[in-house]
Amino acid sequence: MSDTAAKFVWKLARRHSWGSPVPAEQLIRLVAGTEDHDELIRILENEVLDLPFVVQSPDGIYIPNGQDAHIEAADWLREQTDLGNLTIKATLSRLPDDWPNDG
């Protein structure tokens, strides 16, 4: 999985609390910086949308509110990024109190 895919997932997690899907074009703009838009579209379509906790609806792309999706997203972010547990937990509101359960 690419670092860019992780940027997409993190943007989705950060925007999650707003409660609405993010249209693909807006999500690409949020991640873009100086990166090539065609490459970003490829990563979004071929990597991010294949993740089991990312959903695309007619209104946009999002991480569902359910606890299972939040746990999957949080675990994925732990594996794919250097984000700390507290940062991830503060961002994904549906995580159980004992996340991460490393014991």
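To be clear, the structure that these remarks concern was listed above.
Thresholds applied
Residues numbered from 1 in each chain as written. Predicted model: local features only at pLDDT ≥ 70, side-chain atom pairs only at ≥ 80, totals over all residues. Heavy atoms only, no water. Helix = DSSP H or I, 4+ residues; strand = E, 2+ residues; numbered from the N terminus. Rg over C-alpha atoms; globule rule 2.2 N^0.38 Å. Contact = heavy atoms within 4.5 Å. Areas by Shrake-Rupley, 256 points an atom, 1.4 Å probe, with all protein chains shown as cover. Lys, Arg positive; Asp, Glu negative; His and termini not counted. Charge placed at Lys NZ, Arg CZ, Asp CG, Glu CD. Salt bridge = Lys/Arg side-chain N within 4 Å of Asp/Glu carboxyl O. Buried < 20%, exposed > 50% of the residue type's maximum accessible area, 1.4 Å probe, protein only. Axes fitted to C-alpha atoms, helices over the stretch in contact; angles between N-to-C directions. Left-handed = near helix turned anticlockwise from the far one by under 90°. Nonpolar A, V, L, I, M, F, W, Y, C, P; charged D, E, K, R; others polar.

Any chance you could explain the overall build of the chain here in plain terms?
Of the regular secondary structure elements, the chain holds five helices and two strands. On C-alpha atoms alone, the chain measures out to a radius of gyration of 13 Å, which is about the 13 Å that the 2.2 N^0.38 rule sets for 103 residues. If one aligns the C-alpha atoms of the chain with their principal axes, the spans along those axes are about 40 × 25 × 20 Å. For the chain, the proportion of contacts with a sequence separation of at least 24, taken over those separated by at least 6, is 55%. If you sum the accessible surface of the chain, you get close to 6,000 Å²; carbon and sulfur atoms cover 45% of it. Side chains of the chain carry 9 positive and 18 negative charges; the gap between the two charge centres is 8 Å.

Mind showing me how you'd approach the pattern of salt bridges here?
Oppositely charged side chains can form a pair if their charged atoms are brought close together. Scanning all chains against the criterion turns up two salt bridges. In this structure, E39 and R42 form a salt bridge, with 2.8 Å as the shortest nitrogen-oxygen distance. One end of the pair, E39, and the other, R42, are both in helix 3 (residues 37–46), three residues apart, so they sit about a helical turn from each other. Of the residues examined, R42 reaches a relative accessible area of 35% and is grouped as partly exposed.

In this structure, what is going on with the packing of helix 2 (residues 24–32) against helix 3? I would like to understand it.
The relative placement of two packed helices comes down to the angle between their axes together with the axis-to-axis distance. Contact geometry for helix 2 and helix 3: axes closest at 10 Å, N-to-C directions at 120°. As helix 2 runs across helix 3, the sense of the crossing is right-handed. Touching A24, L27, I28, V31 and A32 of helix 2 are H37, L40, I41 and L44, all from helix 3. Of the residues assigned to the contact of helix 2 with helix 3, the class counts are eight nonpolar, one polar and no charged.

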